[in-house]
Amino acid sequence: FGYKRGAFTGAVQDKKGKLELADNGTLFLDEIGDMPQNLQSKLLRALQEKEFTPVGGHRQIKFNAHIIAATNRNLSKMVEEGRFREDLYYRLNVMEIKMPPLRERTGDIPILCNYFLGKFSAELNKPIRAITPEAVQKLESLHYPGNVRQLANILEYACILCTDGV
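These remarks concern the structure in this document. Computed from a predicted model, the values in this text were never measured in an experiment. (Residues numbered from 1 in each chain as written. Predicted model: local features only at pLDDT ≥ 70, side-chain atom pairs only at ≥ 80, totals over all residues. Heavy atoms only, no water.)

Here Q137 lies in helix 6 (residues 133-140). Given the relative accessible area of 57%, Q137 is considered exposed. A C-alpha to C-alpha distance of 45 Å links Q137 and N64, two positions 73 residues apart in sequence. (Helix = DSSP H or I, 4+ residues; strand = E, 2+ residues; numbered from the N terminus. Buried < 20%, exposed > 50% of the residue type's maximum accessible area, 1.4 Å probe, protein only.)

The backbone of N24 shows a phi angle near 65 degrees, a positive value even though the residue is not glycine. One can find N24 in the loop between helix 1 (18-21) and strand 3 (25-29). By relative accessible area, which is 63% here, N24 ends up exposed. Its identity as a non-glycine residue notwithstanding, E31 has a phi of 55 degrees, on the positive side.

As a further point, take the nonpolar core. In terms of nonpolar packing, the biggest core is built from 21 residues, with I32, L43, F63, F84 and L88 touching the most fellow members. If you list the elements that add at least two residues to this core, you get strand 3, helix 2 (37-49), helix 3 (75-80) and helix 4 (86-92). The greatest single-element share of this core, amounting to four residues, is contributed by helix 2. Other than its neighbours up to four places away in sequence, L88 contacts Q40, L43, L44 and L47. Core analysis: the next-biggest nonpolar cluster, separate from the first, contains 17 residues, L112, F120, V136 and L139 among them. (Core = buried A, V, L, I, M, F, W, Y, C linked by side-chain atoms within 4.5 Å. Contact = heavy atoms within 4.5 Å.)

On to the pattern of salt bridges, then. Overall, the coordinates contain 10 salt bridges when judged by the stated rule. Here E31 and R149 are joined by a salt bridge, their closest N and O atoms 3.3 Å apart. Of this pair, E31 sits in the loop between strand 3 and helix 2 while R149 sits in helix 7 (residues 147-161), and the two are 118 residues apart along the sequence. The salt bridge involving D87 is made with R85; its shortest N-O contact spans 2.7 Å. Each of D30, E31 and R149 takes part in one network of salt bridges that share partners. (Salt bridge = Lys/Arg side-chain N within 4 Å of Asp/Glu carboxyl O.)

Moving on: the packing of aromatic side chains. A full pass over the atoms with the stated rule returns six aromatic pairs. Considering the side-chain rings of Y3 and F8, the 4.8 Å spacing of their centres and the 65 degrees angle between planes classify their relative orientation as edge-to-face. The exposure class assigned to Y3 is partly exposed, which follows from its relative accessible area of 23%. Among the residues examined, F8 registers a relative accessible area of 40% and is labelled partly exposed. A network of ring pairs unites the aromatic residues F1, F52 and F63 as a single cluster. (Phe/Tyr/Trp six-rings, centres within 6.5 Å; stacked < 30°, edge-to-face > 60°.)

This brings us to the packing of helix 5 (residues 109-124) against helix 7. Where helix 5 meets helix 7, the axes come as close as 9 Å, and the angle between the chain directions of the two elements is 50 degrees. Comparing the axis directions of helix 5 and helix 7 gives the class oblique. Our pair here, helix 5 against helix 7, has a crossing hand that is right-handed. Contact residues: I109, L112, C113, F116, L117, F120 and L124 in helix 5; V148, L151, A152, L155, E156, C159 and I160 in helix 7. Each residue belonging to the contact of helix 5 with helix 7 can be placed in one class, and the counts come to 13 nonpolar, no polar and one charged. (Axes fitted to C-alpha atoms, helices over the stretch in contact; angles between N-to-C directions. Parallel < 35°, antiparallel > 145°, perpendicular 65-115°, else oblique. Left-handed = near helix turned anticlockwise from the far one by under 90°. Nonpolar A, V, L, I, M, F, W, Y, C, P; charged D, E, K, R; others polar.)

Here it is in structure tokens:
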């Protein structure tokens, strides 16, 4: 939600919040299922009213943004258990896109490998040209409890250790 200068110790200048920064665009809320309930109510109000007040502010700021929320949790179950606000769930759940875990879509692994190799090759300034078919086959056999982030971590580690470009 941002804050105004002087709102608290260390607030030496105004800072725009994510909603304000996303005005006329899209805001991605990652791991929405981890959001504390007190913040859920504030987010719900902001989404319903399309306005919010920054910490230490006195006037409402209007915004217009598309909201995309992601989680690896079962939000409908969390609603049943009282751990996620039902009204926020329905406010966010206009269109649900279920993404199966990586272990259920191993055909994506070669594509993701190429993407991450290019990314880490550039970041590490290392000319990595390819990944061996054997390495891809090994990666396709893993379970991935950490999903795509785990695959990315494995490939970043491999890129760091890579000395011959493959």
